[in-house]
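# Fold and geometry: a report
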Number of protein chains: 2
Amino acid sequence: MDECLQQESWRKDVLGVTIKQIAQMVGVSRGTVDRAIHGRGDVNPEVKARIEQVMRETGYRPNTVAKALKTAQTPMTFGVLIPAGNRFYEDAAKGLCEAEEVYAPYGVAIRRMEETELTAVRQAEQLAQLESENVNGIIMTAVDDPVVRQAVNKIAEKIPVITYNSDLTDTRRLCFIGQDHIAAGRASGTLMGKMIRREGTVAVLVGSKHMLAHLERAEGFRQALREQGGNTVLPELYETHESDGRAYSLVKWLVETQCDLAGICVTGGGQAGAGAALAASGKAADIRLACYDTLPETIQHVKDGVADYTIAQDPFLQGYLPVKILYEYLAFGTKPKREKLFTRIDIRVKDNIMDAGYELFTGWNGKR
Amino acid sequence: MDECLQQESWRKDVLGVTIKQIAQMVGVSRGTVDRAIHGRGDVNPEVKARIEQVMRETGYRPNTVAKALKTAQTPMTFGVLIPAGNRFYEDAAKGLCEAEEVYAPYGVAIRRMEETELTAVRQAEQLAQLESENVNGIIMTAVDDPVVRQAVNKIAEKIPVITYNSDLTDTRRLCFIGQDHIAAGRASGTLMGKMIRREGTVAVLVGSKHMLAHLERAEGFRQALREQGGNTVLPELYETHESDGRAYSLVKWLVETQCDLAGICVTGGGQAGAGAALAASGKAADIRLACYDTLPETIQHVKDGVADYTIAQDPFLQGYLPVKILYEYLAFGTKPKREKLFTRIDIRVKDNIMDAGYELFTGWNGKR
DNA sequence: TTGAAAGCGCTAACAA
DNA sequence: TTGTTAGCGCTTTCAA
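Residues numbered from 1 in each chain as written. Chains lettered and ligands numbered in written order. Predicted model: local features only at pLDDT ≥ 70, side-chain atom pairs only at ≥ 80, totals over all residues. Heavy atoms only, no water.

### Considering the environment of Ala92(A)
Here Ala92(A) shows up in helix H6 (residues 87-103). Expressed as a C-alpha distance, the spacing of Ala92(A) and Asn165(A), which sit 73 residues apart in the sequence, is 9.6 Å. (Helix = DSSP H or I, 4+ residues; strand = E, 2+ residues; numbered from the N terminus.)

### Here's the deal with the sheet that holds strand E1 (residues 76-83) of chain A
Residue and element names in this part refer to chain A. Here 6 strands make up an open sheet; going across it, the order is E2-E1-E3-E4-E5-E11 and the pairing parallel. The open sheet has two edge strands with one neighbour each: strand E2 (108-115) and strand E11 (340-342). For this sheet the average axis-to-axis angle between neighbouring strands, irrespective of direction, equals 20 degrees. Where E1 lies against E2, 8 bridges are found, and the strand directions are parallel. Across the sheet, methionine 76 pairs through a bridge with valine 108, a residue of E2. (Pairing = 2+ DSSP bridges. Axes fitted to C-alpha atoms, helices over the stretch in contact; angles between N-to-C directions.)

### Some remarks on helix H12 (residues 271-281) of chain A
Residue and element names in this part refer to chain A. Residues of H12 that are buried include every one of Gln271, Ala272, Gly273, Ala274, Gly275, Ala277 and Leu278, and no others. For H12, the secondary structure elements touched by its buried residues are helix H11 (244-257), strand E8 (261-266), strand E9 (288-292) and helix H13 (296-304). At the exit of H12 stands glycine 282, carrying a positive phi of roughly 75 degrees. (Buried < 20%, exposed > 50% of the residue type's maximum accessible area, 1.4 Å probe, protein only. Contact = heavy atoms within 4.5 Å.)

### A short note on the interface of chain B and chain A
Of the residues lining the interface, 78 residues belong to chain B; the matching set on chain A comes to 78 residues. Approximately 7,400 Å² of surface area, both sides summed, lies buried where chain B meets chain A, with 60% of it carried by carbon and sulfur atoms. Applying the counting rule to chain B against chain A returns 8 salt bridges. A salt bridge links Arg61(A) to Glu101(B); its shortest N-O distance comes to 2.5 Å. Mapped by element, the contributors of at least two residues to the side of chain B that touches chain A are helix H1 (2-6), helix H5 (64-71), strand E1 (76-83), helix H6 (87-103), strand E2 (108-115), helix H9 (181-196), helix H14 (315-332) and strand E11 (340-342) of chain B. (Buried area = accessible area lost by both parts, 1.4 Å probe. Salt bridge = Lys/Arg side-chain N within 4 Å of Asp/Glu carboxyl O.)

### Side note on the UniProt feature "domain: HTH lacI-type" (unreviewed entry) in chain A
When the UniProt feature table is mapped onto this chain numbering, "domain: HTH lacI-type" (unreviewed entry) sits at residues 17-71 of chain A. Counting secondary structure, residues 17-71 of chain A comes out at 71% helix and 0% strand; the distance between its end C-alpha atoms is 20 Å. (UniProt positions renumbered as here; feature names shortened; annotations may be inferred.)

### Some remarks on the protein's contact with DNA strand D
Taken together, 26 residues surround DNA strand D, and among them Asp34(A), Tyr60(A), Thr32(B), Asp42(B) and Asn44(B) come closest. Take the atoms of DNA strand D that sit within 4 Å of the protein: sugar and phosphate atoms are 68% of them. Note that a phosphate oxygen of DNA strand D is positioned 2.8 Å from one of the backbone N or O atoms of Ser29(B). Between a phosphate oxygen of DNA strand D and a side-chain N or O atom of Thr32(B), the distance comes to 2.6 Å. At the level of elements, helix H2 (19-26), helix H3 (30-38) and helix H5 (64-71) of chain A together with helix H3 (30-38) and H5 of chain B are the ones that each hand at least two residues to the surface near DNA strand D. Counting residues per element, the surface near DNA strand D draws most heavily on H3(B), at 4 residues. For the surface near DNA strand D, the residue count by class is 8 nonpolar, 8 polar and 10 charged. (Near = heavy atom within 4 Å. Polar contact = N/O pair within 3.5 Å; in protein donor to acceptor, adjacent residues only side chain to side chain. Nonpolar A, V, L, I, M, F, W, Y, C, P; charged D, E, K, R; others polar.)

### Quick look at the pattern of salt bridges
Under the criterion given, the structure shown has 50 salt bridges over all chains. The partner of Lys194(A) in a salt bridge is Asp308(B), with the nearest N and O atoms 2.8 Å apart. Here Lys194(A) is found in helix H9 (residues 181-196), whereas its partner Asp308(B) is found in the loop between helix H13 (296-304) and strand E10 (309-312) on a different chain. You can call Lys194(A) buried: its relative accessible area is 14%. As a salt-bridge pair, Asp346(A) and Arg348(A) come within 2.8 Å of each other at their nearest N and O atoms. Note on accessibility: Asp346(A) and Arg348(A) belong to one class, buried.

Set out below in structure tokens:
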């Protein structure tokens, strides 16, 4: 940290020492140095020691750009499983698209596999298909099922697999990129508690009781409210079945029957319907509404003050980062920093609802 | 968007067509194609037209990796002005450090200029110094003063200047990277309003009345509270002079004298002291405390529940992104997407207080 | 076990 | 106005 501020880095030798220079210093050829570095082929132990010595002294660092140029000569293909028909993935697709563009000069091709039918068996088939196509890595949103687990474990022995958005624990997958849904639920619960101040009851809606993400958000939400003490949460988890119509009816019914209703948390699909019902009831000013993700309707509800806040999870990053990580793993052998890379828990109120995500970091300009 | 999901991109020709291939097709040499592309040197209009035709047909895209490798041969230096002794910049320095490492193979060197004395005259001197050192670009936190404005305008005619964290409007600077402080203030005000619900008065503390960022946050905060109606904000802006001791006294005094105090917003330095005073008063549970940035003490206050939330601004990105943008501008001619690149307004409660920022995107591992 | 040479895509200096 | 050549740093044959 201090080093970052203080280091005298204004060196003319930005580019550092090259393999060629090291070869000269040691008095061998470039090929030998290369072999010594990568441990391929045979190299005289003594010579190797001398090379390593010089590398250490000169602080040799491989030139990533040159390496990439070379690596691109043997292109690689990443297979990506995409659950179709889900709005979240439309945004993730932008990140994937951007990554595709950025990594094309690195020799990376993207093989998309879209699928509406999200079943374990179908997913196992897709994995087998990708394997038969000899892809060099797989990026997937996993269905949590033993069949998939087994398929992933088998394939991961040969090629790296990265999960995004929804993880598959206890497998050999390289890493997971997505949100910590429990923590995201807690963040919502903490905010809700501060806003309702123990006055009234709170209802929790889930998209589906079979969606782990929704259940975890609900669980975290409850936890955080409980820890603040004195809050009443209705015990039932109301299912919207990802339908705005169903969410509308549910919220309408809740508002009418729960006279002390102070807040609603919608953990999954149906935010638009829930917001519409609340607005129609005329009680939007008195009842807090918490949402997840940033679908256009949710954004509108937050802007209008119908929803108090929503918690986003940066789909763009979830589309982009897996490609980056997979490439660096295969090209440079760089392992991900952690096994679980949690994207941020991104709290949005009306004033930051349009904030840029990681798009800012990339060249993404929304044209594609 | 749809294109992103649907495009048939599983092509074997990931790498695309090269200059060499185009030269072959047109029946000229690589040099000619290169000249035609870049408009340097003379090239027969007819030949040029044919080349452009083929480029369009084949969808030629320059290989960024190869281009970077070549560009690195003529290294460039970026001068960076860093206000020393400010904790925010310790974090920004990490991003700068990471960028330095990433862009070293691209031939980018970083020339740091630290300065405790943040005056217009001193800053103009530093700019002149950097210019005399023939740096290829400048990255700076600007002091808002006509002297600096003039110096920047003069230097920006020759080399690109990027401002970060604090902008210098009405100048020829290439772009600004930092937070929209008004919007950040509004976000805090919106949250505060939802939490206090018109019950009691709110006090606003600034680090210094001479810091535009603090004033803007205060202004946005007030705006948002006002728009929610019925809230009382004390008219005075209390100055902490960036001192925890002063902030402590101020908050102690406010809590003791303002019997209906419901919330405090600290827009600048002194968060630690403000939090300590509130905790000592025993009223932390009844009075909301809003902070900015993520200094260790602020984080602790949020964790302890003394502060309800804090609004961060991703210092890492502010250190990293200017280097990336400057490089791409100079190497590829890529202009920034917008003139003002607003980093996100990052609301943190106890449950997401430790969220990763853009570090996740880079290889940053906290070792340096 | 090691060296020499070729080539990735792009640019630039030099010739023609 | 155009072609040729060399070279960036790295890897990978092919010879020795």
